[in-house]
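Coordinates in review
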Amino acid sequence: MAIPLKYYMLYTALMLSVLLSTQAQNADGVHNSGQTRIYRFAIHEDIMPGTVRLVDRALEAAAAMDADFIVLDLDSYGGLLDAGDSVHVKLLRCPIPVLCYISNNAASAGALIAISCDSIYMSPYAKIGAASVVDQSGAPVDEKYQAYMRGIMRSTAEANGRNPEIAEAMVQGGGAVPGVIDSGQILTFTTSEAMQNGYCEGQVNSIQDLLTQAGISNYAITEHELSALDKTMNFLLNPILRGLCITFIFLGLYFELQTPGIGFALLISIVAALLYFAPLYVEGLAANWEVLVFVAGLILIALEIFVIPGFGVAGVTGILLTFMGLVL
């Protein structure tokens with residue numbers, strides 16, 4: 001026997017009502033749960049261009065989920081000054097309170113990043129300081145760079161209500177701080193020393209301890225996860241790999257100029273160029289015209305090799321444009 005249409009309509013309306021009621025209850029339950037939203041990410045590496053990308057993605061994700069607090073799990077000996085400067089500016093400008101947990105080390109650029117956070121908590125064996133600017137061999141660089149680093153450390157400490165003289169003393173030439181460090185020494189704090197001097201809010205053994213000391217309860221932690229693209233980009237942004245790419249670009253072009261026809265050397269040069277430019281282009285660090293300058297240089301070199309006899313203006317111009325593209 002056929003069921004009248006009106007019963008189908010009544011049943012459908014009833015099911016929709018139940019579904020909407022359930023969703024409203026769930027939404028109301030999430031809204032009124034009272035849980036504090038915590039977003040956690042970790043920097044357990046040297047501070048490199050990939051770190052800047054990591055921090056960008058983490059802060060964006062925290063803002064997207066409307067997090068109440070961000071917890072940065074930090075363990076770093078430092079790294080590149082420009083990368084550390086970029087990260088510290090992003091943290092200072094972040095509207096969400098950032099709590100830093102130094103699990104082991106916060107040295108050099110790591111110290112700058114730590115004092116950029118709103119609060120600092122340290123494990124019993126953690127250290128913070130030694131923020132002098134050094135070269136690749138570990139030797140201190142010229143006073144010009146040290147003075148600039150002292151200025152960054154001082155202004156960052158002032159922005160977060162910490163003693164700027166102490167921050168300055170973490171850099172070579174920072175001077176003496178009465179009762180803290182003598183002149184001519186570079187300051188590094190242990191956990192207890194950092195607590196005594198206002199550079200650590202408390203000694204903790206875990207993120208959970210940190211949240212308890214910070215007075216945060218009934219919380220839900222969301223962990224930052226690296227996507228496959230993030231991992232690939234971090235690999236391609238590694239300064240060592242980028243240096244190798246530049247080397248192979250020019251070696252490939254050089255050996256191609258020495259041999260007739262299209263050879264393996266040119267292929268190596270093109271692949272190295274793609275690996276070099278791809279992450280910069282994706283991240284918006286390389287403009288279209290800068291890539292075009294590099295490509296124009298390659299085209300001129302190709303014309304010099306395969307079309308124009310000898311080696312003249314086209315070849316020299318091509319090499320200059322290729323080099324200019326890489327520099328830009």
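Residues numbered from 1 in each chain as written. Predicted model: local features only at pLDDT ≥ 70, side-chain atom pairs only at ≥ 80, totals over all residues. Heavy atoms only, no water.

Re a nonpolar patch on the surface
A surface patch of nonpolar side chains, about 620 Å² in accessible area, is lined by Ile240, Leu244, Phe248, Leu251, Tyr254 and Phe255. Residue placement: Phe248 occurs in helix α10 (residues 239-258). (Patch = residues over 30% accessible without salt bridge, like charges linked within 9 Å, V, L, I, M, F, W, Y side chains within 5 Å. Areas by Shrake-Rupley, 256 points an atom, 1.4 Å probe, with all protein chains shown as cover. Salt bridge = Lys/Arg side-chain N within 4 Å of Asp/Glu carboxyl O. Helix = DSSP H or I, 4+ residues; strand = E, 2+ residues; numbered from the N terminus.)

Considering the environment of Ile120
Relative to the helices and strands, Ile120 is located in strand β4 (residues 119-122). For Ile120 and Leu72, which are 48 residues apart along the polypeptide, the C-alpha to C-alpha distance reads 9.5 Å. Discounting residues that sit within four places of it in the chain, Ile120 has contacts with Cys100, Ile102, Ala114, Ile115, Ile128, Arg162, Tyr199, Cys200, Glu201 and Gly202. (Contact = heavy atoms within 4.5 Å.)

Quick word on the state of the cysteines
Here is the idea: a disulfide is a covalent bond, and it sits between the sulfur atoms of two cysteines. Considering all chains together, one arrives at zero disulfides under this definition. Here Cys100 stays free of any disulfide, with the sulfur of Cys117 as its closest cysteine sulfur at 4.4 Å. We note that Cys200 lacks a disulfide partner, and the nearest cysteine sulfur, in Cys100, lies 9.4 Å from it. On the basis of relative accessible area, Cys200 is assigned to the buried category, the value being 6%. (Disulfide = S-S within 2.5 Å. Buried < 20%, exposed > 50% of the residue type's maximum accessible area, 1.4 Å probe, protein only.)

Side note on the environment of Ala111
Considering the arrangement of structural elements, one finds Ala111 in helix α4 (residues 109-115). Taking relative accessible area as the criterion, Ala111 reaches 0% and is therefore assigned buried. Expressed as a C-alpha distance, the spacing of Ala111 and Ala167, which sit 56 residues apart in the sequence, is 9.0 Å.

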